[in-house]
Amino acid sequence: MRMESAGLGTRNAFQLTATQTQVGDALGLTSSHVNRTFKALRTLGLISIAGKAIRVPDWHALARAGDFDSSYLSVGCAVS
């Protein structure tokens, strides 16, 4: 949602230029855990990955799976 607000992608498609190691470092997780999580999300059909392109076919399903609440974000986007 922050990328969408900044005009850098949408909640349904964006480029993830960070490596899994960098994502893990930013979140305090191992790259192995990040890899397993991405794999699980792909298996559930919540995301697809092609190179650095991430697609989210059903953003609301992904938000529900992650128990996402946008109320803490300081952006002009709503969950809908």
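Scroll up for the structure.
Undergrad: Before we move on, could you go through the layout of surface pockets and cite the residues and values that matter?
TA: Considered as a void within the structure, the largest pocket measures approximately 1100 Å³ in volume. Together, 30 residues line the largest pocket, and Met1, Phe14, Phe38, Leu62 and Phe68 are the ones closest to its centre. Contributing elements (two or more residues each) for the lining of the largest pocket: α1 (2-5), β1 (13-15), α2 (20-27), α3 (31-43) and α4 (59-65). Element by element, the count of residues in the lining of the largest pocket is highest for α3, at five residues.

Undergrad: Account for the nonpolar core, naming residues and giving values.
TA: Counting 12 residues, the largest nonpolar core is built from Met1, Val23, Val34, Phe38, Leu41, Leu46, Ile47, Val56, Trp59, Ala61, Ala63 and Leu73. Elements represented by at least two residues in this core include exactly α3 and α4.

Undergrad: Tell me about the packing of α2 against α3, and name the residues and values.
TA: The description of two packed helices rests on the angle between their axes and on the distance between the axes. Put simply, α2 and α3 touch, their axes get as near as 8 Å, and they point 105° apart. As far as their axial angle goes, α3 and α2 are roughly perpendicular. Contacts from Gln20, Thr21, Val23 and Gly24 in α2 reach Ser31, Val34, Asn35 and Phe38 in α3.

Undergrad: Pulling in residues and values, what's your account of the environment of Gly24?
TA: Inspection of the secondary structure puts Gly24 in helix α2. Under the relative-accessibility criterion, Gly24 is labelled buried at 0%. Spatially, the C-alpha atoms of Gly24 and Asn35 are 9.2 Å apart, while their sequence positions differ by 11 residues. When neighbours within four sequence positions are excluded, Gly24 is seen to be in contact with Leu29 and Val34.

Undergrad: Go over the packing of aromatic side chains with me, naming the residues and quoting the values.
TA: On inspection of all chains with the given rule, the structure shows one aromatic pair. Summarising the aromatic geometry, the rings of Trp59 and Phe68 are spaced 5.8 Å apart at their centres and angled 85° between planes, so their arrangement reads as edge-to-face. In this structure, Arg11 is placed above the aromatic ring of Trp59, and the distance from its NZ or CZ to the ring centre is 4.8 Å.

Undergrad: Tell me about the sheet that holds strand β3 (residues 53-55), and please be specific about residues and values.
TA: Sheets are built from strands that pair by backbone hydrogen bonding, the pairs being arranged parallel or antiparallel. Taken in spatial order, the three strands make up an open sheet running β1-β3-β2, and their pairing is antiparallel. Where the open sheet ends on each side, the last strands, each with one partner, are β1 and β2 (48-50). Taking each pair of neighbouring strands and ignoring which way they run, the sheet shows an average axis angle of 20°. Where β2 and β3 come together, three bridges link them in antiparallel fashion. Bridge pairing in β3 links Ala50 to Ala53.

Calculation rules
- Residues numbered from 1 in each chain as written.
- Predicted model: local features only at pLDDT ≥ 70, side-chain atom pairs only at ≥ 80, totals over all residues.
- Heavy atoms only, no water.
- 1 Å grid on protein atoms, 1.4 Å probe; cavity = no way out; pocket = protein on both sides within 12 Å on 5 of 7 lines; lining within 4 Å.
- Points joined across faces, edges and corners; volume = space filled by probe spheres on them.
- Helix = DSSP H or I, 4+ residues; strand = E, 2+ residues; numbered from the N terminus.
- Core = buried A, V, L, I, M, F, W, Y, C linked by side-chain atoms within 4.5 Å.
- Buried < 20%, exposed > 50% of the residue type's maximum accessible area, 1.4 Å probe, protein only.
- Axes fitted to C-alpha atoms, helices over the stretch in contact; angles between N-to-C directions.
- Parallel < 35°, antiparallel > 145°, perpendicular 65-115°, else oblique.
- Contact = heavy atoms within 4.5 Å.
- Phe/Tyr/Trp six-rings, centres within 6.5 Å; stacked < 30°, edge-to-face > 60°.
- Lys NZ or Arg CZ within 6 Å of the ring centre and 35° of its normal.
- Pairing = 2+ DSSP bridges.

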